[in-house]
Amino acid sequence: MPEIILRTEHLCKNFGGLKATDDVSLEFERGKVHAILGPNGAGKTTLINLLSGELQPSSGRISFKGYDITDARPEKISRIGIGRSFQKTNILPGFSCFQNCWIGAQSCLITSMRFFRPARHLRMVHRRADHALQLCGLAGKRNQIAGTMSYGEQRQLEIAMMLATEPELLLLDEPLAGMGSEESQQVTALLRELAREQTLILIEHDMDAVFSLADRITVMVDGAELETGSVEQIRNSQAVQDAYLGHADEEVA
Ligand SMILES: Nc1ncnc2c1ncn2[C@@H]1O[C@H](COP(=O)(O)OP(=O)(O)O)[C@@H](O)[C@H]1O
Ligand SMILES: [Mg+2]
């Protein structure tokens, strides 16, 4: 039996009269890449914000490894093993790559590790930060000031900051957005590497990347789940094609 690492049940988020998340019940399997597609405004980022605790749901339930995390704050969610990246880059541009990752690791360990002596705590934060940089191919840029790097490298650093918290589940909001094709290929390769060990929930604009990375795809429209299935099922779905044609004048993510 596959393990369901994360589950949402009848999840809703209203902004005034707008149903940004509309009765979403999804299961995410451990070790898989589950992509979320949908036109602009479909509610993809809102869903990620609910899962990461940035937003509180209007109703419904979220559970992670069987524990109810519906009302948990972002710090707690990060500590229990859910990492997230943002649609817009979220690094500290005046700090080095290592310092950015250090802050990521520290923020996550700060309360869970309070029982350890400070020296041991610091060694662990250092080790996590360096390991994350290495995983993302940024070990050679350890001391470079983040703001002086290319946009693609900054996005890679953002993934490294998330990895420094050693998450079991990664929430990625358009990690390839705004990248050139070479950068995009590099980060796709990184995501494929991460997918060998981790569970990914991936929102991505780039259809080719989604089709090449995902094990499962959920298509959202107007806050609701339109369809969930394998890459082949989604590619061939008439409902998905109709939904996209209906939004043909908009960008599709
Ligand atoms: N904080 C907010 N307040 C009010 N409306 C919001 C807020 N965040 C998102 N929305 C609205 O919710 C809908 C879904 O937005 P979003 O989740 O960002 O979509 P996506 O990421 O799929 O493009 C949009 O109509 C958006 O305008
Ligand atoms: Mg979005």
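All values reported here derive from a predicted model rather than from experimental measurement. (Residues numbered from 1 in each chain as written. Chains lettered and ligands numbered in written order. Predicted model: local features only at pLDDT ≥ 70, side-chain atom pairs only at ≥ 80, totals over all residues.)

Observations regarding the site of ligand 1
Surveying the vicinity of ligand 1 reveals the residues Phe-15, Leu-18, Ala-20, Gly-38, Asn-40, Gly-41, Ala-42, Gly-43, Lys-44, Thr-45 and Thr-46. When contributions to the shell around ligand 1 are tallied by element, the ones reaching two or more residues are β2 (18-29) and α1 (44-51). Element by element, the count of residues in the shell around ligand 1 is highest for α1, at 3 residues. Taken together, the residues of the shell around ligand 1 break down into 4 nonpolar, 6 polar and 1 charged. (Near = placed C-beta within 6 Å. Helix = DSSP H or I, 4+ residues; strand = E, 2+ residues; numbered from the N terminus. Nonpolar A, V, L, I, M, F, W, Y, C, P; charged D, E, K, R; others polar.)

So, the nonpolar core
By size, the foremost hydrophobic cluster in this structure holds 63 residues, and its most contacted members are Cys-101, Ala-129, Leu-133 and Ala-160. Residue contributions to this core reach at least three from each of two domains, namely domain 1 (1-81 + 167-253) and domain 2 (92-166). Residues contacting Cys-101, with those up to four places away along its chain left out, are Ala-129, Ala-132, Leu-133, Ala-160, Met-161 and Ala-164. (Core = buried A, V, L, I, M, F, W, Y, C linked by C-beta atoms within 7 Å. Buried ≥ 20, exposed ≤ 12 C-beta atoms within 10 Å, placed from the backbone. Domains from an automatic or database assignment. Contact = placed C-beta atoms within 7 Å.)

Concerning the sheet that holds strand β8 (residues 199-203)
Read from one edge of the open sheet, 6 strands run β6-β7-β8-β3-β9-β10, paired in mixed fashion. Unpaired on one side and paired on the other, β6 (82-85) and β10 (224-229) mark the two borders of the sheet. Between one strand axis and the next, the sheet turns through 15° on average, direction left out of account. Along the sheet, α1 makes contact with β3 (33-37), β6, β7 (169-173), β8 and β9 (216-221), crossing β7 at roughly 150°. (Pairing = 2+ DSSP bridges. Axes fitted to C-alpha atoms, helices over the stretch in contact; angles between N-to-C directions.)

Concerning the domain arrangement of the chain
Each assigned domain of the chain is listed with its residue range as follows: domain 1 (1-81 + 167-253) and domain 2 (92-166). The C-alpha centroid of domain 2 is placed 25 Å from the C-alpha centroid of domain 1. Between domain 1 and domain 2, the residue contacts involve 11 residues of the former and 13 residues of the latter. Only α2 (74-79) and α6 (181-195) provide two or more residues apiece to the side of domain 1 that touches domain 2. No other element matches α6, which puts 4 residues into the side of domain 1 that touches domain 2.

Some words on the pairing of β10
With 5 bridges joining them, β9 and β10 adopt antiparallel strand pairing. For Val-219, the partnering residue across the bridge sits in β10 and is Glu-227. The antiparallel hairpin formed by β9 and β10 contains 2 residues in its connecting segment, where Asp-222 sits at a positive phi of about 50°.

Structural notes on unusual backbone geometry
In this structure, Asp-23 is a non-glycine residue whose phi angle is positive, near 55°. Mapped onto the fold, Asp-23 is located in strand β2. One non-glycine residue, Glu-166, lies in the positive phi region at around 50°. Structurally, Glu-166 can be placed in the loop between α5 (151-163) and β7. For Glu-166, a count of 17 C-beta atoms within 10 Å corresponds to the partly exposed category.

Concerning α6
Given a rise of 1.5 Å per residue, 15 residues ought to cover 21 Å, and the 21 Å separating the end C-alpha atoms of α6 matches this to within 8%. On its buried side, α6 packs onto α5, β7, β8 and α7 (207-213). (Expected span 1.5 Å × (residues − 1).)

What about the pairing of β2?
Bridge analysis of strand β1 (residues 4-15) against β2 gives 8 bridges, and the strand direction is antiparallel. Note that in β2 the partner of Leu-11 across the bridge is Val-24. Following β1, the chain reverses through 2 residues before pairing antiparallel with β2; Gly-16 in that reversal takes a positive phi of roughly 60°.

Let's talk about α1
Burial of α1 is extensive: 7 of the 8 residues sit out of reach of the surface. Three or more residues of α1 are buried, namely Lys-44, Thr-46, Leu-47, Ile-48, Asn-49, Leu-50 and Leu-51. Where α1 terminates, the next one or two residues include Gly-53, which has phi positive at roughly 85°.

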